[in-house]
Amino acid sequence: MPGITVKTSDGRNESLSSETLDALRAGLRGALALPGEAAYEEARSIWNAMIDKRPAAVVRALGTSDVIQTVRLAAQHGLLLAVRGGGHNIAGNAVCDGGLMLDLSLMRSVRVDPAARRARVEPGARLADLDKETQAFGLATPSGINSTTGVAGLTLGGGFGWLSRKHGLTVDNLLSADVVTASGEVVRADEKSHPDLFWAIRGGGGNFGVATSFEFKLHPVGPQVIAGLIVHPFDDAKKVLDDYRKLVAKAPDELCCWAVMRKAPPLPFLPPDVHGKEILVLAMCHAGDPAAGEKAVAPFKAIGKPIADVVGPSPYAGWQTAFDPLLTPGQRNYWKSHDFIELADGLIEVLLGAVRRLPTPDCEIFIGNLGGAINRVPADATAYPHRDVNFVMNVHTRWSSPADDARCIAWARELYEATGKFATGGVYVNFMPDDEAQRVRSGAYGKNYARLATIKAKYDPKNLFRMNQNVAPATS
Ligand SMILES: Cc1cc2nc3c(=O)[nH]c(=O)nc-3n(C[C@H](O)[C@H](O)[C@H](O)COP(=O)(O)OP(=O)(O)OC[C@H]3O[C@@H](n4cnc5c(N)ncnc54)[C@H](O)[C@@H]3O)c2cc1C
């Protein structure tokens, strides 16, 4: 194999000789994929089609040993290094231009210990892998609402979904992780071993090393839960959201209800004349006993005059895939997000106006419902600091033609600006696009930033892991 030129993290070109590449290839359990190969194209294609970066080479890892070799090679030559888990992150830092990409997406094993209620998860596993394996034992851990999302990136940023009001963030259920640090050493991070690193990876993203294994606490969930959608005509949205905010404030922790505003997709339970018109959807899941669930969802079912109500018994793992058809890969995507303590009247007004001007039929505004167990953890207990937030807005701007880029991005930015005065100023790091570097310090981490920067300086003083929402190493 001939040598290749790879970008370094300080923008130089570094030559990797044919001997270096041959030695790497011979040492890997996985594969080295180069431009022109099908595996290279597969590895560099991620969920957000806006991202079209071309690394010089991709290591498709199959185990920790592959990760160690890749990290050591990148550190030795000062290479620009990108790390891919499930490849879902909107910012597209899983891929880099001209550098070396470490693709973990083939490492998908999940091993459940039902007696100890624990799961060991590899860093390429998707949420569906975790849900299917844990639900085989009637167990689950909180994650996200789209089953094709990667466990690794979601966990390292915090992670929340239908179970989080009852059982906390994904990181609140992380017991330990194996991490390959910038020096190529493997360390176990938990409450006793490298507790500073363990604190940092619970929300601090991929800044501190490559996680090769996650160990999660599991809880009995389902397999049948009460879950589903209630769809309202958009003309009633103001009144429905008013009732919604009152009901979620007194809902039990087991119940989580998100509000989604978009144009109606052609779902089989929606009458054809509604398709393509604006709707407000209340999406809910009760993570406890089904009889208690029926009782908890009853007040939500009594709101207004819905077009459709398909809330009822559902397998939990099935419900976890409910939004997959709306969140398919391959679309162009731009997101904007704010955190809120409450849904103020003025905020609702702005949201309703924006939905009337959705730039494409695939755009949507998600209002995620947090609180509960998430907020009973102190803000400095983990790197994820937003423990007072009750609602998170995620503006999913989705379209297919590059010709619509400017128009769609402008709609999202305008909505973000108009809703800012109602927000906390904080932002969930995993919802940030690639143009928000200025929000990392105060928005994503706030008071936890300085501690993260100190830990970064200890574990990654040269900022090898910089393809992320970057925490710069503290200077003494
Ligand atoms: C459609 C959709 C729905 C979503 N819904 C939710 C939701 O309900 N709840 C929620 O909390 N989040 C949600 N997210 C956000 C999600 O948590 C982030 O996009 C997350 O980063 C995805 O992880 P990934 O492994 O797939 O991403 P990747 O793009 O592969 O990775 C993201 C970044 O994480 C780092 N990284 C990944 N793996 C490792 C590793 N093993 N070691 C070190 N660093 C690593 C890298 O810096 C990488 O750039 C959603 C995202 C999408 C696209």
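Placed above this text is the structure.
Below you will find a few notes about this structure.

1. A look at the sheet that holds strand β5 (residues 81–84)
As a general point, the strands of a sheet are linked pairwise by backbone hydrogen bonds and lie either parallel or antiparallel.
Part 1: The strand order across the open sheet formed by 4 strands is β3-β4-β6-β5, and the pairing between neighbours is mixed. Looking at strand neighbours, the two that pair on one side only are β3 (31–33) and β5, the edges of this open sheet. With strand direction ignored, the average angle separating the axes of adjacent strands in the sheet is 20 degrees.
Part 2: Bridging between strand β4 (residues 57–60) and strand β6 (residues 100–103) involves 4 bridges; their strand directions are parallel. When the sheet's bridge partners are listed, Ala57 is paired in β6 with Leu100.
Part 3: Seen against the sheet, helix α3 (residues 64–77) touches β4, β5 and β6 and runs at an angle of roughly 165 degrees to β6.

2. Considering the packing of aromatic side chains
Part 1: This model, assessed by the stated rule, comprises 15 aromatic pairs.
Part 2: Ring geometry for Trp162 versus Trp319: centroids 5.2 Å apart, planes at 45 degrees, classification tilted. Within this pair, whereas Trp162 is found in the loop between α5 (151–157) and α6 (164–167), its partner Trp319 is found in helix α10 (residues 316–319), the two being separated by 157 residues in sequence.
Part 3: Taking relative accessible area as the criterion, Trp162 reaches 1% and is therefore assigned buried.
Part 4: Classification of Trp319 as buried rests on a relative accessible area of 6%.
Part 5: Summarising the aromatic geometry, the rings of Phe214 and Phe216 are spaced 6.0 Å apart at their centres and angled 10 degrees between planes, so their arrangement reads as stacked. The same class applies to Phe214 as to Phe216, namely buried.
Part 6: Ring pairs connect the aromatic residues Trp47, Phe160, Trp162, Trp258, Trp319, Phe323, Trp335, Phe366, Tyr384, Tyr428 and Phe431, which therefore count as one cluster.
Part 7: A cation over an aromatic ring shows up here: Arg451 above the ring of Trp199, its NZ or CZ 3.9 Å from the ring centre.

3. Focus: the nonpolar core
Part 1: Tyr244, Met261 and Ile365 are the most contacted members of the largest nonpolar core, which totals 45 residues.
Part 2: When near neighbours in sequence (up to four residues on either side) are disregarded, Met261 contacts Phe234, Leu241, Ile279, Leu280, Leu351, Leu352, Val355, Cys363, Glu364, Ile365 and Ile367.

4. A look at the environment of Lys456
Part 1: With respect to the secondary-structure elements, Lys456 resides in helix α14 (residues 449–459).
Part 2: Residue classification places Lys456 among the buried residues on the basis of a relative accessible area of 0%.
Part 3: Among residues more than four places away in sequence, those in contact with Lys456 are Asn207, Phe208, Pro461, Asn463, Phe465, Asn470, Val471, Ala472 and Pro473.
Part 4: From its side chain, Lys456 meets the backbone oxygen of Phe465 in a polar contact 2.8 Å long.

5. Some thoughts on the environment of Ile4
Part 1: For Ile4, the location among the structural elements is in strand β1 (residues 4–7).
Part 2: The buried category is assigned to Ile4, whose relative accessible area is 17%.
Part 3: For the pair formed by Ile4 and Phe300, sequence separation is 296 residues and the distance between their alpha carbons is 60 Å.
Part 4: With sequence-adjacent residues up to four places away left out, Ile4 is seen in contact with Glu14, Ser15, Leu16, Leu21, Leu34, Ala56 and Ala57.

6. Some remarks on unusual backbone geometry
Part 1: Along the chain, Gly222 connects to Pro223 via a cis peptide bond; the corresponding omega equals 0 degrees.
Part 2: Along the chain, Pro223 turns up in the loop between β13 (219–220) and β14 (224–233).
Part 3: Even without a glycine there, the phi angle at Arg117 is positive, about 55 degrees.
Part 4: In this structure Arg117 comes out as partly exposed when scored by relative accessible area, which is 40%.

7. Observations concerning the sheet that holds strand β8 (residues 118–121)
Part 1: Reading across the sheet, the 5 strands line up as β7-β8-β12-β10-β11 and stay open at both edges, with antiparallel pairing between neighbours. Two strands bound the open sheet, and with one partner strand each, they are β7 (110–113) and β11 (186–189). With strand direction ignored, the average angle separating the axes of adjacent strands in the sheet is 15 degrees.
Part 2: Pairing analysis gives 6 bridges linking strand β10 (residues 174–180) to strand β12 (residues 210–217), with the strands arranged antiparallel. Paired with Asp178 across the strands is Ser213, a residue of β12.
Part 3: Each of β7 and β8 is contacted by helix α4 (residues 127–135), which is oriented at about 30 degrees to β7, the strand it contacts most.

8. Details of the site of the ligand
Part 1: The immediate surroundings of the ligand are formed by 35 residues, with Gly85, Gly87, Asn89, Phe160 and Tyr428 found nearest.
Part 2: In this structure, Asn89 approaches the ligand through a side-chain N or O atom, which is 2.8 Å from an oxygen atom.
Part 3: Gly153 places a polar main-chain atom, nitrogen or oxygen, 3.0 Å from an oxygen atom of the ligand.
Part 4: Protein chains bury 97% of the 950 Å² of accessible surface belonging to the ligand in isolation.
Part 5: Mapped onto the shell around the ligand, the elements with two or more residues apiece are β5, α5 and β12.
Part 6: With 4 residues, the top contributor of residues to the shell around the ligand is α5.

About the thresholds
- Residues numbered from 1 in each chain as written.
- Predicted model: local features only at pLDDT ≥ 70, side-chain atom pairs only at ≥ 80, totals over all residues.
- Heavy atoms only, no water.
- Pairing = 2+ DSSP bridges.
- Helix = DSSP H or I, 4+ residues; strand = E, 2+ residues; numbered from the N terminus.
- Axes fitted to C-alpha atoms, helices over the stretch in contact; angles between N-to-C directions.
- Contact = heavy atoms within 4.5 Å.
- Phe/Tyr/Trp six-rings, centres within 6.5 Å; stacked < 30°, edge-to-face > 60°.
- Buried < 20%, exposed > 50% of the residue type's maximum accessible area, 1.4 Å probe, protein only.
- Lys NZ or Arg CZ within 6 Å of the ring centre and 35° of its normal.
- Core = buried A, V, L, I, M, F, W, Y, C linked by side-chain atoms within 4.5 Å.
- Polar contact = N/O pair within 3.5 Å; in protein donor to acceptor, adjacent residues only side chain to side chain.
- Near = heavy atom within 4 Å.
- Areas by Shrake-Rupley, 256 points an atom, 1.4 Å probe, with all protein chains shown as cover.

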